[in-house]
Amino acid sequence: MPSQVSNQPKKHHFVPQFLLELFADRQRRLTVYRLKATGPHIASIRDVGHRNLGHTIYMPGRNPDHETLEKGMSEIEGAAASVIRDLLASRKSELSPEHREVLSWFIALQWQRHRMLLDLVRVKVLQDHPMQPTDPEYEYATKSLGLHAILTNVIWPWKNRNDPMCRPKERWNHIVSRLEPMFWKTLRPRAPSLLVGDTTACLSGIAIGNDFDLPVAYANHGIGLGFENFQRLTAPLAPTLGLVISRSEDDARKITSRAMNRFTVGNSREFVAHSPEWPNAAPSLFGAMVDELTTQRWLAQHIFPGLRA
């Protein structure tokens, strides 16, 4: 495995650049609001939603692998980008089976590689199994733990999904399986209306028949939710295109641009962003975002552990 990174991009994006670019201005810039910063700043899409070498696999006794995950992820990202381009070129609210399949795998990838999920796993392992920086497993535990699950649960099943020679379990992903029977629709505001955040697959609401031990309002922030008990998933795909996946057709049809933005802000753990021109184009939605962001920053301070500044 290669150890040199001079010829490899060091900024590994967990929010893909193709998606960020759809929300950016012509100079590929975004206005970014970090949850642990007091004000917004302007940033290039290259500098948003990434970790330096964040998808590098470190294994004891081996050279760091900077390429395997990035290459595998790029295949899913490329397929998703093509689907989103198709949807933007059409005004249809329904999605084809092929579109649904690709976006299901893209959602699975986005969920599995979310930085807060990976960081929480690593913190928990180090709490249960304390290590010193000199320990052989320390670099793997602090930098790569959780990345192999992306390979085994998302990238390899994606590659195998149409291979009849592979066993069903080698082609299966639990998130893709959960989403397949649900009701899907697109949200298509006529003017640029939607935000993007570090969480691109936003869970909200509590599915009927599920117990929820936290305050119900927490469900609008994705707190206490997983793919077993969520009511809906929303995904902003462009300022004029959103995806709604719900257990109920009526519920999916009620989702507005303001509601989707509320769930995007509520599910954010690091940042939300929009084009620098968007506040003037959508002043009412911008004002609502500012209010939602105030609440989310309080949660970041008091509820979410270990958020990146």
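Above this note sits the structure.
This write-up is about the structure you can find in this document. (Residues numbered from 1 in each chain as written. Predicted model: local features only at pLDDT ≥ 70, side-chain atom pairs only at ≥ 80, totals over all residues. Heavy atoms only, no water.)

### What to know about helix α9 (residues 257–267)
Applicable threshold: When accessible area is computed with a 1.4 Å probe and restricted to protein chains, residues below 20% of their type maximum are described as buried, those above 50% as exposed, and intermediate ones as partly exposed. Here a strand is any run of E in DSSP of at least two residues, a helix any run of H or I of at least four, and the numbering for each starts at the N terminus.
Burial runs high along α9: nine of the 11 residues are buried. For α9, the full list of buried residues reads Ser257, Ala259, Met260, Asn261, Phe263, Thr264, Val265, Gly266 and Asn267.

### Digging into the sheet that holds strand β8 (residues 230–238)
Quick note on the threshold: Here a strand pair is declared whenever DSSP counts at least two bridges between the two strands. Only the stretch in contact is used when a helix axis is fitted, and all axes are lines through C-alpha atoms; the angle between N-to-C directions ranges over 0 to 180 degrees.
The strand order across the open sheet formed by four strands is β5-β9-β8-β7, and the pairing between neighbours is antiparallel. Two strands close off the open sheet at either side, each with one partner strand: β5 (183–187) and β7 (202–206). Taken pair by pair, the neighbouring strands of this sheet meet at an average axis angle of 20°, ignoring direction.

### Looking at the nonpolar core
What counts is decided by this rule: What is meant by a nonpolar core is a set of buried Ala, Val, Leu, Ile, Met, Phe, Trp, Tyr and Cys residues, joined one to another through side-chain atoms within 4.5 Å.
Among the nonpolar cores identified, the biggest contains 66 residues, and Ile107, Leu179, Leu233 and Leu243 are the most heavily contacted of them. Membership of the second largest hydrophobic core comes to 15 residues, among which are Leu195, Leu285, Leu293 and Phe304.

### Focus: the packing of aromatic side chains
Going by this rule: Pairing of aromatic rings covers Phe, Tyr and Trp, the last through its six-membered ring, and needs centres within 6.5 Å; plane angles under 30 degrees mean stacked, over 60 mean edge-to-face, and all others mean tilted. Only when the NZ atom of a Lys or the CZ atom of an Arg is both within 6 Å of the ring centre and within 35 degrees of the ring normal do we say a charge sits over the ring.
The full count for this structure, using the stated rule, is five aromatic pairs. Ring geometry for tryptophan 111 and phenylalanine 227: centres 4.9 Å apart, planes at 85°, overall edge-to-face. Of this pair, tryptophan 111 sits in helix α3 (residues 97–112) while phenylalanine 227 sits in the loop between β7 and β8, and the two are 116 residues apart along the sequence. Classification of tryptophan 111 as partly exposed rests on a relative accessible area of 25%. Pairing tryptophan 278 with phenylalanine 286 gives two aromatic rings, centres 6.4 Å apart and planes at 80°, and the pair type is edge-to-face. Its relative accessible area of 4% is what places tryptophan 278 among the buried residues. Given the relative accessible area of 23%, phenylalanine 286 is considered partly exposed. Of the aromatic side chains, those joined through ring pairs into one cluster are Trp111, Phe227 and Phe230. The cationic tip of arginine 161 hangs over the ring face of tryptophan 158; the distance from NZ or CZ to the ring centre is 3.6 Å. Geometry around phenylalanine 230 places arginine 247 over its ring, the cationic atom sitting 5.0 Å from the centre.

### Quick look at the environment of leucine 95
Using the following cut-off: Contacts: residue pairs with any heavy atoms within 4.5 Å of one another.
Here leucine 95 lies in the loop between α2 (68–88) and α3. Note: C-alpha distance between leucine 95 and cysteine 166 (71 residues apart in sequence) is 27 Å. Leave out the neighbours within four places in its chain, and leucine 95 touches Leu87, Arg100, Leu103, Trp184, Lys185, Thr186 and Leu243.

### Comments concerning the packing of α2 against helix α6 (residues 147–160)
Rules: Geometric relationships in this document are graded by angle, where less than 35 degrees denotes roughly parallel, more than 145 denotes roughly antiparallel, 65 to 115 denotes roughly perpendicular, and other angles denote oblique. By definition, any crossing whose near helix is turned counterclockwise from its far helix by less than a right angle is left-handed, and any crossing with a clockwise turn is right-handed. In this count, Pro and Cys sit with the nonpolar residues alongside Ala, Val, Leu, Ile, Met, Phe, Trp and Tyr, while Asp, Glu, Lys and Arg are called charged and the others, Gly among them, polar.
Running from N to C, α2 and α6 point in directions that differ by 45°, and their axes come no closer than 10 Å. With respect to each other, α2 and α6 are oriented oblique. Judged by the twist between their axes, the crossing of α2 over α6 is left-handed. Side by side, α2 and α6 meet where Thr68, Leu69, Gly72, Met73, Glu75, Ile76 and Ala79 of the first sit next to Leu147, Ile150, Leu151, Val154, Ile155, Trp158 and Lys159 of the second. Residue classes in the contact of α2 with α6 are distributed as 10 nonpolar, two polar and two charged.

### Points about the side chain of aspartate 25
Convention followed: We call two N or O atoms a polar contact when they sit within 3.5 Å, provided that within protein one can donate a hydrogen and the other can accept it, with sequence-adjacent residues counted only if both atoms are side-chain atoms.
Here aspartate 25 is to be found in the loop between α1 (17–23) and β2 (29–34). Given the relative accessible area of 7%, aspartate 25 is considered buried. Within polar-contact distance, the side chain of aspartate 25 engages the side chain of arginine 29 at 2.8 Å. With sequence-adjacent residues up to four places away left out, aspartate 25 is seen in contact with Ser275, Pro276 and Glu277.

### Describing the sheet that holds β2
Spatially, four strands are ordered β3-β2-β10-β6 in an open sheet, and the strand pairing comes out antiparallel. One side of each edge strand has no neighbouring strand; the edge strands of this open sheet are β3 (41–44) and β6 (196–197). Packed on one face of the sheet, helix α11 (residues 283–302) meets β2 and β10 (271–274) and runs near 40° to β2.

### Let's talk about the packing of α9 against α11
It is at 9 Å that the axes of α9 and α11 come closest, and there the two elements cross at 30°. Judged on the interaxial angle alone, α11 and α9 are roughly parallel. Between α9 and α11 lies a crossing of right-handed hand. Packed against α9, whose contacting residues are Ser257, Arg258, Asn261, Arg262, Val265, Gly266 and Asn267, the element α11 presents Leu285, Ala288, Met289, Glu292, Leu293 and Gln296 at the interface. Taken together, the residues of the contact of α9 with α11 sort by class into five nonpolar, five polar and three charged.

### Notes on the pattern of salt bridges
A side chain with one charge may pair with a side chain of the opposite charge, provided their charged atoms come close. Here is the rule we go by: Think of a salt bridge as a Lys or Arg side-chain nitrogen and an Asp or Glu carboxyl oxygen that are within 4 Å of each other.
Inspection of every chain in the model, using the stated rule, returns 14 salt bridges. Residue aspartate 25 is joined to arginine 29 by a salt bridge in which the shortest nitrogen-to-oxygen separation is 2.8 Å. Several salt bridges converge on common partners, so that one network encompasses Arg34, Arg51 and Glu270.

Functional significance is not addressed by these values, which are geometric in nature.
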